[in-house]
Every structure is written in C-alpha cells, then in structure tokens.
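Chain residues, written in single-letter form:
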Amino acid sequence: MFACFFQSAICIWSVVGAGGEMVMEEGRPGPSKPAGDRRPQQREKKEKKQDKQQPCEGFSIKAMMKNSVVRGPPPAGSVKQRPAKHTAFRKFYERGDFPIAVQHECAGNKIAWKVEIEDLDYHYFLPLFFDGLCETEFPYEFFARQGVHDLLEHGGSKILPVVPQLIIPIKNALNLRNRQVLCTTLKVIQHLVVSAEMVGEALVPYYRQILPVLNIFKHMNVNLGDGIEYSQQKRENIGVLIQETLELLERYGGENAYINIKYMIPTYWSCM
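Residues numbered from 1 in each chain as written. Predicted model: local features only at pLDDT ≥ 70, side-chain atom pairs only at ≥ 80, totals over all residues. Heavy atoms only, no water.

**Q** Looking at this structure, how should I read the pattern of salt bridges?
**A** All chains considered together, the criterion is met by five salt bridges. The residue Arg90 makes a salt bridge to Glu135 at a minimum N-O spacing of 2.8 Å. Within this pair, whereas Arg90 is found in helix α3 (residues 88-95), its partner Glu135 is found in the loop between α4 (122-131) and α5 (140-155), the two being separated by 45 residues in sequence. We classify Arg90 as buried; its relative accessible area is 11%. (Salt bridge = Lys/Arg side-chain N within 4 Å of Asp/Glu carboxyl O. Helix = DSSP H or I, 4+ residues; strand = E, 2+ residues; numbered from the N terminus. Buried < 20%, exposed > 50% of the residue type's maximum accessible area, 1.4 Å probe, protein only.)

**Q** Is there a simple way to explain unusual backbone geometry in this structure?
**A** With an omega of 10°, the peptide bond running from Phe138 to Pro139 counts as cis. Within the secondary structure, Pro139 is located in the loop between α4 and α5. If you check the backbone angles, Met198 has positive phi at about 70° while not being a glycine. On the secondary structure map, Met198 appears in the loop between α7 (179-195) and α8 (199-202).

**Q** Help me understand the environment of Leu203, please; the structure alone is not making it clear to me.
**A** With respect to the secondary-structure elements, Leu203 resides in the loop between α8 and α9 (207-217). Spatially, the C-alpha atoms of Leu203 and Leu160 are 9.8 Å apart, while their sequence positions differ by 43 residues.

**Q** Can you walk me through the side chain of Arg90 in this structure?
**A** A polar side-chain atom of Arg90 sits 2.8 Å from a polar atom in the side chain of His86. Setting aside chain neighbours within four positions, we find Arg90 in contact with Glu135, Glu137 and Tyr140. (Polar contact = N/O pair within 3.5 Å; in protein donor to acceptor, adjacent residues only side chain to side chain. Contact = heavy atoms within 4.5 Å.)

**Q** Please clarify how the confidence of the model for the chain should be interpreted in this entry.
**A** Interpretation of the predicted coordinates at a detailed level should be avoided for regions scoring low in pLDDT. Overall, the prediction assigns the chain a mean pLDDT of 78, with 76% of residues at 70 or greater. Low pLDDT, under 50, characterises residues 1-27; the stretch is placed with 18 contacts to residues that sit more than four places away or in other chains. (pLDDT = per-residue confidence, 0-100.)

Shown next, in the form of structure tokens:
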C-alpha cells in the first residue's frame, strides 16, 4: 500500500546532505508559484486596450463613452489650390490667331505686335487675353500677362464697354487659389482700375464676384519682424497686393465703393 502511494506521487523530495537542503528530482514538475508572485499579462493587455483612446465622430453615441476622442472637422480647403484647365487663350494662340511674337531684349522679353494695338477689336481680344491669366506655363503665361498690360495701356476709351466681359475671366483666375496667378491677377486689376475713366465705378456692381477670394487671402501676410521680406520688393506678397487693390477700388469706385467693399470684406477700413 505504501509502495503504491509513493509510485503515484507527483513530486518526490529527498533530503540530501547534512544541511537538509531540499532538492527536486529531475524530470518531475515543481511546485506551483503562489498567486501573489504572478504577473497577469492578459490583464495588463486588457487594461491597455481599455486605456487606448478610440476616435469617433462628433454628436454620436460613441462620443459620450469613456476613452473616446472626438475627431475635429475636416479642413475646408478654402486656400487649397484648384486644378487649372486649358483656356481658350491657349487654343487661339496655338492656332495662330493672335498677331504677336516674342521680342528678346537685354532688359527682358517683350511682345512684338504685328499690328497697331489701337486698331485691335477690344471686344474680341481683351477678354481672350484676360482668360489667359489662368495659365502658368511659358509662353502662354507670358503672352497673356504682357498682352493684357499692353492692351490696357493703349486702350483708352475702348476699355470701359468691355468691362462686363472681363468679370468671368477675372473670377476664374482668382478661384484657382494659385499664388502666382493671384499676384498676376491683382496687378492686372490695379492696372485695369486706373487704365481709363469710369472703369473703377463700372467694377462696383461686380464686387460680389471678385472680392470673396480676396477676403480669404487678405491676412496672408509675412511678418519677419526686423528681417527683410523680399517678396514685397518683387510685389509678390499677396496680403500687401490685396490691400493695395482694395484701396485703389475705393479711390476710383465712387461714393458706393467703400460700402460694397465693407460688405464683402468686413475687416477692411477706409483709406480715404
């Protein structure tokens, strides 16, 4: 009976040596560790999972739960650049409908007009050149930009009747949100306002089409403190160009210019 008991025992301990040191025989399972010495890894994993913050949408049931983080609203993309499309100006230029060519000089390239600018049909050519303001590639961008300034410089009384046809090309160029196109278009608007009499007043009814984009970029200015902002010397600072444009629109727009500018851009203050 005693032999069967010892054979069925799981662990056999023997006292070895005079010190009475306990030694476990090889090949036999040892005694289990007390519960206090264990580190429950599974519990730690569960606690980590519980402590992990879970993103959720706002105004939902999950937003009221513990360890939930409400996601912020996505960016509106008001200043994000829009993709540009091929303009009618590029089509007409590639077809050879414009009487222009490049004139290379030491100071820079210019447009060599094959006809007198004063003899051109402004109702046909001026809106097309304004449509080319959306272009950013050479030579389309160069011909459109330089051609607009040449036409405005020699247009005189022919410019005022064409003003309603210029609003959509100006709006399309501003809506691209392209920094280069914005600077070019703002300079063209400044030249347009002072190009002939009554042009500034003729633009007042169209402020709702032109000024919304200017309101978005009005505060896009660089403040370097005592440093030098070279974009101001090159006239490429969007915030400064917008302020100059608004002041010109107010000066040449007549009595109702400031009211309409203030309605579209509340942060603008009169320069008069």
